[in-house]
Amino acid sequence: MNAIPAYETTPPRIRRRQTLALVLLVLTGVINYLDRATLAVANEFIRADLGLSLGQMGLLLSAFSWSYALCQLPVGALVDKIGPRWLLGMGLVVWSLAQAAGGLVSTFGWFVIARIVLGIGEAPQFPAAARVVSNWFPLRARGTPTGVYNSASPLGVALAPLLLSPLIAATSWHWAFFVTGAMGLVAAVIWVALYRDPVRGQMSEAEIAYLDAGQSPEPAPKTTFASWRALFRHRATWGMLFGFSGSVYLNWVYLTWLPGYLRTERQMDIAYAGLAASIPFACGFAGALIAGWASDRVARNSTSPLAGRRRAVVAAMLGMVAFTIPAALVESNTVAIACISIVIFLANAASACSWSLVTVVAPRSRIASLGAIQNFGGFIGGALAPILTGFIAQTWSFVPALLTGAGIAFLGAMSYQFLVVRSIPEQDS
């Protein structure tokens, strides 16, 4: 079974499928985050047009995250049961229509509804991506592809102000929603047309041996509701849920409020703020790629892949905390942007490592399920971040809002460190 070196000899047909799968995941992931970030880029114009306060904008920015988080739980089990091809394809259609509808709304209430539906549609993206990586990559080589598909998140956010700010300036904020919605519909057709799961009956012995390297030869049992629910009996599940909540909370403080923060708190004009807001997320793109590659190296050289990947998550999250403090307190805009860039670099490194951690903690048949549970926790944090940040900034300033995010991220790091200590065996799930 292990005669073929899992990291040195990739069968040519498998390599082509891996490359295609990752290209498609990056494409859909970039559009996913362009759609999420459109509201943040158009924040100031929407607030002026609809007459919204900072607190109301915080609620609007969080509406997506609540529905996205709640849908993670059933979506993860559905991905494990029916596969990523059709579920992600249907999600692309739903979220793209909801995104386009955001350009048509004229009231706060209808905008909230459009964002809620956007969250429902986008829910399959990352559980499906985790399933795709587990389908096409061997156990100890999943960090790099996980980093690649996670890099779509900061790449999409980095591109958003660069692409959408000129569009909004030339037309109106409505067209930013129309254009990104249309892009998602095109991506849905491409994904369904090109992506396929591996079919063992059509593969050679060498290809099967490559994919199964390091895994139990026993076939994975079918996913049931009872087996999905049983994951919650393990403290590793709770550690990942609470840990990712802290990581995503701090990341979403910047994701949802950075353009508005730079213009409101640091008095930057729209052109400079758009460029400044893109720099940290370009760093985040590098963070996701580097972390995925590095976590594979750590896992290969560690006696425990779980411990190696967990250490990477915790170290990145503690770095996020350390650099958020000066980002909040310094007077220099240049130093603040530099610190925020490091935070976003580390946030995306932590995210990539968290998703690769899923593939070594989860039993083989429950990878998307555990990934979705972790993501559920993350986006409870993501839902709270814009609300609390908006109300704290409205009541005091952005300084205590950023420091609050740092404290929550620290608690998340401790959850990973002390709760995620062993993998979940197949028979216990």
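Under an unreviewed UniProt entry, the name given to the protein is MFS transporter, and the organism recorded is Massilia niabensis. According to its UniProt record, the protein has this under Subcellular location (unreviewed entry): "Cell membrane".

Let us now look at the overall build of the protein. Looking only at helices and strands, the protein has 17 helices and 0 strands in total. Rg of the C-alpha trace for the protein: 21 Å, near the compact-globule value of 22 Å for 429 residues, within the 12% margin. Within the span of the protein, comprising 429 residues, buried residues form 60% of the whole. Contacts in the protein between residues at least 24 apart in sequence constitute 87% of all its contacts with a sequence separation of at least 6. In the form shown here, the protein has an accessible surface area of approximately 15,900 Å², with 69% of it arising from carbon and sulfur atoms. With 28 positive and 17 negative side-chain charges, the protein shows a separation of 7 Å between the mean positions of the two kinds.

Bringing the packing of helix α12 (residues 235-264) against helix α17 (residues 398-419) into the picture now. Between α12 and α17, whose axes approach to 7 Å, the crossing angle comes to 160 degrees. Here α12 is positioned roughly antiparallel relative to α17, judged by the angle of their axes. Along this stretch, α12 crosses α17, giving a crossing that reads as left-handed. Its residues assigned to classes, the contact of α12 with α17 comprises 19 nonpolar, 7 polar and 1 charged.

Time to look at a nonpolar patch on the surface. A cluster of nonpolar side chains, L162, L163, Y272, L275 and I279, forms an exposed patch at the surface whose accessible area comes to about 470 Å². Elements represented by at least two residues in the nonpolar patch include exactly α8 (152-170) and α13 (270-301). It is α13 that provides the largest number of residues to the nonpolar patch, a total of 3 residues. Relative to the elements of secondary structure, Y272 occurs in helix α13. Judged by relative accessible area, Y272 falls into the partly exposed class, the value being 43%.

Here we come to the pattern of salt bridges. One pass over the structure, following the stated rule, counts 4 salt bridges. Across the pair D80 and R131 runs a salt bridge whose closest N-O atoms are separated by 2.7 Å. On the criterion of sequence distance, the pair formed by D80 in helix α3 (residues 54-82) and R131 in helix α6 (residues 125-136) is long-range, its members being 51 residues apart. Neither D80 nor R131 differs from the other in exposure class; each is buried.

On to the packing of aromatic side chains. What the rule picks out here adds up to 17 aromatic pairs. Geometrically, the ring pair formed by F126 and Y149 is tilted, given 6.1 Å between the ring centres and 45 degrees between the ring planes. With F126 in helix α6 and Y149 in helix α7 (residues 143-150), this residue pair connects regions lying 23 residues apart in the sequence. By relative accessible area, which is 4% here, F126 ends up buried. Summarising the aromatic geometry, the rings of F244 and W355 are spaced 6.4 Å apart at their centres and angled 90 degrees between planes, so their arrangement reads as edge-to-face. With F244 in helix α12 and W355 in helix α15 (residues 333-361), the pair connects residues that are 111 residues apart, well separated along the chain. Residue classification places W355 among the buried residues on the basis of a relative accessible area of 2%. Taken together through their ring pairs, the aromatic side chains of Y33, F126, Y149, F244 and W355 make up a single cluster. Between the NZ or CZ atom of R36 and the centre of the ring of Y68, over which it lies, the distance is 4.6 Å.

Rules used throughout
Throughout, residues of each chain are indexed from 1 in the direction in which the sequence is written. The model is predicted, so local features are restricted to residues of pLDDT at least 70 and side-chain atom pairs to those at 80 or more, both for listing and for counting; the totals for chains, interfaces and linings are taken over all residues. Only hydrogens and water are set aside when side-chain values are computed; all heavy atoms of the structure are taken into account. UniProt positions are given in the numbering used here, feature names are shortened, and annotations may be inferred rather than shown by experiment. Numbering of helices and strands runs from the N terminus, with a helix taken as a DSSP run of H or I at least four residues long and a strand as a DSSP run of E at least two residues long. As a reference, a globule follows 2.2 Å times the number of residues to the power 0.38, and the radius of gyration itself is taken over C-alpha atoms. Three exposure classes are used, based on accessible area relative to the maximum for each residue type with a 1.4 Å probe and protein chains only: buried under 20%, partly exposed in between, and exposed over 50%. Only heavy atoms matter for contacts: two residues are in contact if any of them lie within 4.5 Å across the pair. Each accessible area is a Shrake-Rupley result for a 1.4 Å probe, and residues are judged covered by the shown protein chains and nothing else. Note that His is not counted, nor are the chain ends; the positive residues are Lys and Arg, and the negative ones are Asp and Glu. Charged side chains are reduced to one point each, which is NZ for Lys, CZ for Arg, CG for Asp and CD for Glu. The axes used here are C-alpha line fits, helices contributing only the stretch in contact, and every angle between their N-to-C directions lies in the interval 0 to 180 degrees. Angles are sorted into four bins: roughly parallel if under 35 degrees, roughly antiparallel if over 145, roughly perpendicular if 65 to 115, and oblique for all others. The sense of a crossing depends on the near helix, which, turned anticlockwise from the far helix by less than a right angle, makes the crossing left-handed and, turned clockwise, makes it right-handed. Note on residue categories: nonpolar means Ala, Val, Leu, Ile, Met, Phe, Trp, Tyr, Cys or Pro, charged means Asp, Glu, Lys or Arg, and polar means any other residue, Gly included. Residues enter patches when they are more than 30% accessible in relative terms and free of salt bridges; like-charged ones are connected within 9 Å and nonpolar ones (Val, Leu, Ile, Met, Phe, Trp, Tyr) within 5 Å. Criterion for a salt bridge: a side-chain nitrogen of Lys or Arg within 4 Å of a carboxyl oxygen of Asp or Glu. Side-chain rings of Phe, Tyr and Trp, where Trp is taken by its six-membered ring, are said to pair if the distance between their centres is within 6.5 Å; with planes under 30 degrees apart they count as stacked, over 60 as edge-to-face, and otherwise as tilted. We count a charge as sitting over a ring when the NZ of a lysine or the CZ of an arginine lies within 6 Å of the ring centre and within 35 degrees of the ring normal.

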